[in-house]
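Architecture and fold: a report
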Amino acid sequence: MPQTAPSENPFAHGRSQALRLGLGMAALGRPGYINLGHGEDYHDGRSVEAMQARAWQVLDAAWDAGVRYFDAARSYGRGEAFLGAWLAARQVPADAVTVGSKWGYTYTADWQVDADKHEVKDHRLAVLERQWAETRDHLGHWLDLYQIHSATFDSGVLDDPQVHRALARLKADGLRIGLTLSGPTQADVLRRAMDIRVDGVALFDAVQATWNLLEPSAGAALAEAHTQGLGVIVKEALANGRLTDRNDAPGFAERRQRLSELAARFSVGLDAVALAAALAQPWADVVLSGATTTAQLQANLAATTINWDTDAEAAAGTLPEAPDTYWHTRAALAWN
């Protein structure tokens with residue numbers, strides 16, 4: 001268990017730009033994912049052994065580049081297992097790294113890309129208890145942050161005192177507790193979550209939310225959370241590949257041109273521009289890369305060299321979609 005007090009923001013210690021970039025295991029831990037072109041990244045095979053080898057390559061490259069936050073989940077196939085085995089094999093000291101994981105989705109694809117269902121959401125206490133034991137087995141003393149995976153009003157998790165008390169017990173034992181968000185109501189869910197207390201103590205220490213150049217609507221709520229001392233993690237800064245050169249959808253052409261102009265100005269790829277925009281937000285403690293190759297990771301890391309200025313911010317302001325449009329488009333992305 002972590003030695004730092006749970007109420008302390010785990011990401012607010014003068015972190016460099018490189019350290020503010022984290023690595024997520026969503027696309028490294030399972031053979032199918034919704035990122036554009038995910039399948040193209042695994043030309044060397046998607047067996048368990050091949051994917052573990054790839055995950056370790058990317059983890060090694062991230063570590064060498066200074067990345068120190070790693071993010072997994074029970075539903076990321078073998079993401080926790082790959083990460084935990086890598087931490088053990090590389091003998092990474094627990095106090096040299098920050099590791100987060102999540103409970104609430106169960107992986108159901110059985111390592112098949114074309115599965116009918118890839119994950120099932122269930123935020124009941126029994127799932128928390130089962131998945132906590134599984135996460136502890138995989139990540140052990142490295143785990144710092146345990147998050148509710150995609151908390152929503154519909155799942156009932158915000159109104160379940162049994163779950164709140166169980167999480168509060170983990171927090172009392174030294175674990176930080178967080179939640180991740182998804183959908184057009186992210187801001188409302190976050191504000192409701194920040195009001196949750198168990199025996200007078202705020203339950204949540206961190207929040208992970210989608211924020212990107214196409215869907216920045218949660219920004220004000222994330223700023224509020226940061227002000228209240230929560231660690232803030234940005235996920236899907238590349239919009240599942242839609243903010244990369246893989247997005248050739250006709251409806252994106254005009255936005256892509258604007259993004260390309262920014263990329264040319266900074267001599268980087270589209271991905272680096274999108275990540276730099278997230279890193280430029282004063283409330284963002286960690287921005288996740290979802291890289292599945294070392295080349296992608298290196299391209300992502302170029303974001304840390306960009307001096308985001310008012311001109312870049314003005315150009316970025318022309319890119320957002322309506323939240324409902326964004327989330328409808330995301331829901332239609334194919335597992336591949």
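Residues numbered from 1 in each chain as written. Predicted model: local features only at pLDDT ≥ 70, side-chain atom pairs only at ≥ 80, totals over all residues. Heavy atoms only, no water.

1. Let's talk about the overall build of the chain
Within the chain one finds 12 helices and 12 strands. In summary, the chain has a C-alpha radius of gyration of 19 Å against a globular reference of 20 Å for 336 residues, a match within 12%. Referenced to the eigenvectors of the C-alpha coordinate spread, the extents of the chain come out at roughly 50 × 45 × 40 Å. Looking at the chain residue by residue over its 336 residues, the buried ones come to 56%. Once local pairs closer than 6 in sequence are excluded, the contacts in the chain between residues at least 24 apart make up 80%. Surface accessibility of the chain: about 13600 Å² in total, with carbon and sulfur atoms responsible for 49%. Counting 30 positive and 41 negative side-chain charges, the chain places the averaged centre of each group 2 Å from the other. (Helix = DSSP H or I, 4+ residues; strand = E, 2+ residues; numbered from the N terminus. Rg over C-alpha atoms; globule rule 2.2 N^0.38 Å. Buried < 20%, exposed > 50% of the residue type's maximum accessible area, 1.4 Å probe, protein only. Contact = heavy atoms within 4.5 Å. Areas by Shrake-Rupley, 256 points an atom, 1.4 Å probe, with all protein chains shown as cover. Lys, Arg positive; Asp, Glu negative; His and termini not counted. Charge placed at Lys NZ, Arg CZ, Asp CG, Glu CD.)

2. Observations regarding the pattern of salt bridges
Overall, the coordinates contain 17 salt bridges when judged by the stated rule. A salt bridge links R242 to E321; the shortest N-O distance between them is 2.7 Å. With R242 in the loop between β11 (231–235) and α8 (253–266) and E321 in the loop between α11 (310–316) and α12 (323–331), this residue pair connects regions lying 79 residues apart in the sequence. Considered together, R242 and E321 belong to a single accessibility category, that of buried residues. (Salt bridge = Lys/Arg side-chain N within 4 Å of Asp/Glu carboxyl O.)

3. Considering the packing of aromatic side chains
As enumerated under the stated definition, the model contains 7 aromatic pairs in all. Here W63 and W86 contribute two aromatic rings whose centre-to-centre distance is 6.1 Å and whose plane-to-plane angle is 70°, an arrangement assigned as edge-to-face. Residue W63 is located in helix α2 (residues 48–65), and its partner W86 is located in helix α3 (residues 79–89); the two are separated by 23 residues in the primary sequence. Ring centres 5.9 Å apart and planes at 75° place the aromatic pair W211 and W283 in the edge-to-face group. One end of the pair, W211, is in the loop between β10 (206–210) and α7 (219–227); the other, W283, is in the loop between α9 (270–279) and β12 (286–289), with 72 residues separating them in the sequence. Pair check on accessibility: W211 and W283 agree, each one buried. The cationic tip of R54 hangs over the ring face of Y42; the distance from NZ or CZ to the ring centre is 4.7 Å. Stacked on the ring of W111, the Lys or Arg R78 has its end atom at 5.8 Å from the ring centre. (Phe/Tyr/Trp six-rings, centres within 6.5 Å; stacked < 30°, edge-to-face > 60°. Lys NZ or Arg CZ within 6 Å of the ring centre and 35° of its normal.)

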